[in-house]
Amino acid sequence: MSQLVVRESRGDIATLTLNRPSVLNAINGAMRDALIESLQELNQDRSVKAIVLTGSGDRAFSAGQDLTEAAAFSPEEVKAWMTHQCRLLQAMRDLEKPAVAAFNGVAAGVGFQLGLLADLRVGYQDMRLGQPEVKVGLASIMGSSLMALHLGHSLNSELSLLGNLITGQRAHDIGLLNRVVTKEQVLAAARTLAEEFAALPSEAVRLSKQRFRAQSQSAFDAACTDLVRYQYERYLTGEPQAIMQRFLKKSA
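Each value, and the rule that gives it
- Residues numbered from 1 in each chain as written.
- Predicted model: local features only at pLDDT ≥ 70, side-chain atom pairs only at ≥ 80, totals over all residues.
- Heavy atoms only, no water.
- Helix = DSSP H or I, 4+ residues; strand = E, 2+ residues; numbered from the N terminus.
- Rg over C-alpha atoms; globule rule 2.2 N^0.38 Å.
- Contact = heavy atoms within 4.5 Å.
- Areas by Shrake-Rupley, 256 points an atom, 1.4 Å probe, with all protein chains shown as cover.
- Lys, Arg positive; Asp, Glu negative; His and termini not counted.
- Charge placed at Lys NZ, Arg CZ, Asp CG, Glu CD.
- Axes fitted to C-alpha atoms, helices over the stretch in contact; angles between N-to-C directions.
- Parallel < 35°, antiparallel > 145°, perpendicular 65-115°, else oblique.
- Left-handed = near helix turned anticlockwise from the far one by under 90°.
- Nonpolar A, V, L, I, M, F, W, Y, C, P; charged D, E, K, R; others polar.
- Core = buried A, V, L, I, M, F, W, Y, C linked by side-chain atoms within 4.5 Å.
- Buried < 20%, exposed > 50% of the residue type's maximum accessible area, 1.4 Å probe, protein only.
- Disulfide = S-S within 2.5 Å.
- Pairing = 2+ DSSP bridges.
- Expected span 1.5 Å × (residues − 1).
- Salt bridge = Lys/Arg side-chain N within 4 Å of Asp/Glu carboxyl O.

## Quick word on the overall build of the chain
1) Next: The helix and strand inventory of the chain stands at 10 helices and 10 strands.
2) Next: Expected size for 252 residues packed as a compact globule is a radius of gyration near 18 Å; at 17 Å, the chain falls within 12% of this value.
3) Next: When contacts within the chain are restricted to residue pairs at least 6 apart in sequence, those whose partners lie at least 24 apart make up 74%.
4) Next: Summing over all exposed atoms, the chain offers an accessible surface of approximately 11,600 Å²; the carbon and sulfur share of this is 53%.
5) Next: Charged side chains in the chain number 27 positive and 26 negative. The centres of these two groups are separated by 2 Å.

## Considerations on the packing of helix 3 (residues 78-93) against helix 9 (residues 202-237)
1) Next: Where helix 3 meets helix 9, the closest approach of the two axes is 9 Å, and the angle between their N-to-C directions is 160 degrees. Looking at the two axes, helix 3 sits roughly antiparallel to helix 9. As helix 3 packs across helix 9, the resulting crossing turns out to be right-handed. Facing helix 3, whose interface residues are Val78, Lys79, Trp81, Met82, Thr83, Cys86, Leu89, Gln90 and Arg93, helix 9 presents Arg213, Ser216, Gln217, Phe220, Asp221, Cys224, Leu227, Val228, Gln231, Tyr232 and Tyr235.
2) Next: Within the contact of helix 3 with helix 9, the residues separate by chemical class into 11 nonpolar, 5 polar and 4 charged.

## A short note on the nonpolar core
The nonpolar side chains of a soluble globular protein tend to be buried, and buried together.
1) Next: Counting 75 residues, the largest nonpolar core has Met92, Phe103, Leu129, Met142 and Leu176 as its most contacted members.
2) Next: At 8 residues, the largest contribution of residues to this core is made by helix 3.

## Let's talk about the state of the cysteines
1) Next: What the rule picks out here adds up to 1 disulfide.
2) Next: Across the disulfide from cysteine 86 sits cysteine 224; the S-S distance is 2.4 Å. Between cysteine 86 and cysteine 224 the sulfur-sulfur dihedral comes to about -120 degrees; the bridge is accordingly left-handed. Taken together, the positions of cysteine 86 in helix 3 and cysteine 224 in helix 9 put the pair 138 residues apart, joining distant regions of the chain. Note on accessibility: cysteine 86 and cysteine 224 belong to one class, buried.

## Let's talk about helix 4 (residues 109-116)
1) Next: Taken across its 8 residues, helix 4 has 8 buried, putting it largely inside the fold.
2) Next: Taken residue by residue, helix 4 has Gly109, Val110, Gly111, Phe112, Gln113, Leu114, Gly115 and Leu116 as its buried positions.

## Notes on the packing of helix 9 against helix 10 (residues 239-251)
1) Next: The interhelical angle for the contact between helix 9 and helix 10, taken along N-to-C directions, is 70 degrees, at an axis separation of 5 Å. In terms of axis orientation, helix 9 runs roughly perpendicular to helix 10. Contacts between helix 9 and helix 10 involve Arg234, Tyr235 and Thr237 from the first element and Glu239, Pro240, Gln241 and Met244 from the second.
2) Next: Of the residues belonging to the contact of helix 9 with helix 10, the class tally is 3 nonpolar, 2 polar and 2 charged.

## Some points on the sheet that holds strand 10 (residues 179-180)
1) Next: Taken together, the 6 strands give an open sheet; going across it, the order is 1-2-3-5-7-10, and neighbouring strands pair in mixed fashion. Both outer strands of the open sheet, strand 1 (5-10) and strand 10, are each paired with one neighbouring strand and no more.
2) Next: Of the strands in this sheet, strand 1, strand 2 (13-18) and strand 3 (50-55) touch helix 1 (residues 29-44), which is tilted by about 175 degrees from strand 2.

## Points about helix 3
1) Next: For helix 3, with 16 residues, the first-to-last C-alpha span of 22 Å sits near the 22 Å given by 1.5 Å per residue.
2) Next: For helix 3, a buried count of 12 out of 16 residues is recorded, marking the element as mostly surrounded by other parts of the structure.
3) Next: Within helix 3 the residues assigned to the buried category are Val78, Trp81, Met82, His84, Gln85, Cys86, Leu88, Leu89, Gln90, Ala91, Met92 and Arg93.

## Observations concerning the pattern of salt bridges
1) Next: Tallied over the entire structure, the rule returns 11 salt bridges.
2) Next: Residue arginine 10 pairs with glutamate 8 through a salt bridge whose shortest N-O separation is 3.2 Å.
3) Next: Across the salt bridge formed by arginine 20 and aspartate 66, the nearest N and O atoms sit 2.9 Å from each other. Here aspartate 66 lies in the loop between strand 4 (60-62) and helix 2 (67-72) and arginine 20 lies in the loop between strand 2 and helix 1, a separation of 46 residues in the sequence. Aspartate 66 carries the same exposure label as arginine 20, and that label is buried.
4) Next: Members of the salt-bridge network, linked through shared partners, are Glu8, Arg10 and Arg191.

What follows is the structure in structure tokens.
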């Protein structure tokens, strides 16, 4: 499990790295478990005052859900899968320490959602990010709900319903990225922001994050309920599985 998520500490800053570079750090069940465990441990570690989340390699933060895993699920397995997904996102929401996402490459689907739940996001101009679920036959439920915390309805609809990835520069222009730097500077810039967070009174930051979380918890809970229902309905049709299988064959 430790190989799927690598933890590195520098003083009071902890860096978590998603570590499946051969598949663009795609998230499967084992990585979800590893991330949940790591996030909960960091939340309890009094020596950690801020967290940086990034991806291994130079191609991706995370390409999102592992399609090999998703294509094999039966409709009856969707509830457990989506519930597991929500547990991961809730673990990110539950962080009482400030978190910065260092988008070192593509950030899509649930990978992008993890970044949306960080307090700040750093990327670079020509990176790609977004919510492509509709392109594989899945409803855009959690992504659209989380983007509603950052975007107005029109932009949210565009990204959720078309499913196109946008550049880092456009993401910065519309407010999804807080900082745009060169690709080589992403991790360093994220750590600088984490150090700035760590220098603040930790209890004031914790209570501020608690208030943000309380404001959006009911919407998150509702999205989790709908995520199970709508994706179960989609899997009953067989369309998502078929699209994913075609994609995997082309990529083989």
